[in-house]
Amino acid sequence: MAIFGRKNTDETVTATVSPELAALTGDYTIDPAHSTLGFVARHAMVTNVKGKFNDFTGALHLDGADPSKSTASLDITMDSIDTGSADRDGHLKSADFFKTDEFPTMTFRSTSAEALGGDDYRITGDLTILGVTKPIVIDLEFNGAAKDPFGNERVGFEGKAEILRSAWGLTWNAALETGGVLVSDKIKLNFDISAIKNA
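As the structure is a prediction and not an experimental result, all values here were calculated from the model.

**Q** What's the story with a nonpolar patch on the surface in this structure? I'm lost.
**A** A cluster of nonpolar side chains, contributed by Met-45, Val-46 and Val-181, occupies part of the molecular surface with about 280 Å² of accessible area. Mapped onto the fold, Val-181 is located in the loop between strand E10 (153-164) and strand E11 (183-197).

Put into structure tokens, the structure is as follows:
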């Protein structure tokens, strides 16, 4: 089931929106207890290190008739970074990487949204890290909508994006004796989002 009606290619025909889709239109709050904001970096050229942020807030506005009117925002606490290693997390919080004392929050603000067909969507927005704002593109799949046992109306999305960390000034690295570097420039971002419709 698509959350947004597809744009009609025949401009003489008025697009209709099903009641089911129209019912999803509204404002939603991201549920951090059932959502994951993750990332993957290549380590030492041979393996992947996975991490996530445990503390974040976010909001969605979904428009069942016109996807271009949908929006998304995220505020992520950088001190909540979690890679499963306290030493590595401490290094990531330091001046070599995120400088969390000076820049405690990473933010995302959408600037456009579009339906790609079926359950696939694309969100473009501004990602701010270390006070630097750059555009990113997130591809999303709509996983559906349901009412949970507590009466909350929920929607779910999975998303992914790729960035070059150097674009935000995250350039620390170490050379390997065998060639290459310790940490990849390319970072993969992964999103599993559950959001609750506001009353």
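**Q** What is the right way to look at the layout of surface pockets in this model?
**A** One water molecule sets the probe size; rolling that probe over the atoms shows where empty space is left. For the largest pocket, the calculated volume is near 590 Å³. Forming the walls of the largest pocket are 32 residues, and the residues nearest its centre are Phe-39, Ile-81, Leu-92, Phe-98 and Ile-187. Those elements giving two or more residues to the lining of the largest pocket turn out to be strand E2 (36-43), strand E3 (47-53), strand E5 (71-77), helix H2 (86-93), strand E7 (105-117), strand E8 (120-129), strand E9 (132-147) and E11. When residues in the lining of the largest pocket are grouped by element, the largest group, six residues, is from E2.

**Q** What exactly am I supposed to notice about the environment of Gly-90 here?
**A** Within the secondary structure, Gly-90 is located in helix H2. Gly-90 sits eleven residues away from Asp-79 along the chain, and the two C-alpha atoms are 9.0 Å apart.

**Q** How should the side chain of Thr-83 be read in this particular structure?
**A** As for its position among the elements, Thr-83 is in the loop between strand E6 (81-82) and H2. Assessed through its relative accessible area of 10%, Thr-83 is described here as buried. Among the polar contacts listed, one links the side chain of Thr-83 to the side chain of Arg-88, at a separation of 2.9 Å. Those residues within four positions of Thr-83 in sequence are excluded, and the remaining contacts are Phe-39, Val-49, Lys-50, Gly-51, Arg-88, Asp-89 and Leu-92.

**Q** I tried to follow the pairing of E2 on my own but got confused; where do I start?
**A** Regular strands have side chains that alternate between both faces of the sheet. Sheet topology places E2 next to E11; seven bridges connect them, and they run antiparallel. Each bridged residue has a counterpart across the sheet, and for Ala-41 the counterpart in E11 is Ile-187. Taken together, the seven bridges between E2 and E3 define a ladder with antiparallel strand orientation. Considered in E3, the bridge of Phe-39 is made with Gly-51. From the end of E2 to the start of E3, which pair antiparallel, there are three residues, and Ala-44 there has a positive phi angle of about 55 degrees.

**Q** Help me out: how do you make sense of unusual backbone geometry in this one?
**A** For residues that are not glycine, phi is negative in most cases, and the peptide bond is trans in most cases. A positive phi is found at Lys-99, a non-glycine position, where the angle reads about 45 degrees. For Lys-99, the location among the structural elements is in the loop between H2 and E7. Look at Leu-130: it is not a glycine, yet its phi comes out positive at around 55 degrees. Within the secondary structure, Leu-130 is located in the loop between E8 and E9.

**Q** Can you walk me through empty space enclosed by the protein in this structure?
**A** Under the definition given, this model contains one cavity of 30 Å³ or more. Roughly 270 Å³ of volume is contained in the largest cavity. As for the largest cavity, its lining consists of 20 residues, and the residues nearest its centre are Leu-60, Ala-72, Ile-123, Leu-140 and Phe-157. Contributions of two or more residues to the lining of the largest cavity are made by strand E4 (56-62), E5, E7, E8, E9 and E11. Class assignment of the residues belonging to the lining of the largest cavity gives a composition of 16 nonpolar, three polar and one charged.

**Q** Just to check I follow, could you spell out the environment of Gly-144 for this structure?
**A** Mapping Gly-144 onto the fold places it in strand E9. With eleven residues separating them in the primary sequence, Gly-144 and Val-155 have C-alpha atoms 5.8 Å apart. Apart from the residues lying within four places of it in its own chain, the contact partners of Gly-144 are Arg-154, Val-155 and Gly-156.

**Q** Looking at this model, I keep getting lost on the pairing of E9. Mind explaining?
**A** The pairing of E8 with E9 spans ten bridges and is antiparallel. The partner of Arg-122 across the bridge, within E9, is Asp-139. What sits between the antiparallel neighbours E8 and E9 is a turn of two residues, in which Leu-130 has the positive phi angle 55 degrees. Taken together, the eight bridges between E9 and E10 define a ladder with antiparallel strand orientation.

Scoring rules and cut-offs
Residues numbered from 1 in each chain as written. Predicted model: local features only at pLDDT ≥ 70, side-chain atom pairs only at ≥ 80, totals over all residues. Heavy atoms only, no water. Patch = residues over 30% accessible without salt bridge, like charges linked within 9 Å, V, L, I, M, F, W, Y side chains within 5 Å. Areas by Shrake-Rupley, 256 points an atom, 1.4 Å probe, with all protein chains shown as cover. Salt bridge = Lys/Arg side-chain N within 4 Å of Asp/Glu carboxyl O. Helix = DSSP H or I, 4+ residues; strand = E, 2+ residues; numbered from the N terminus. 1 Å grid on protein atoms, 1.4 Å probe; cavity = no way out; pocket = protein on both sides within 12 Å on 5 of 7 lines; lining within 4 Å. Points joined across faces, edges and corners; volume = space filled by probe spheres on them. Buried < 20%, exposed > 50% of the residue type's maximum accessible area, 1.4 Å probe, protein only. Polar contact = N/O pair within 3.5 Å; in protein donor to acceptor, adjacent residues only side chain to side chain. Contact = heavy atoms within 4.5 Å. Pairing = 2+ DSSP bridges. Nonpolar A, V, L, I, M, F, W, Y, C, P; charged D, E, K, R; others polar.

Scope: geometric values only; no functional claims are made or implied.
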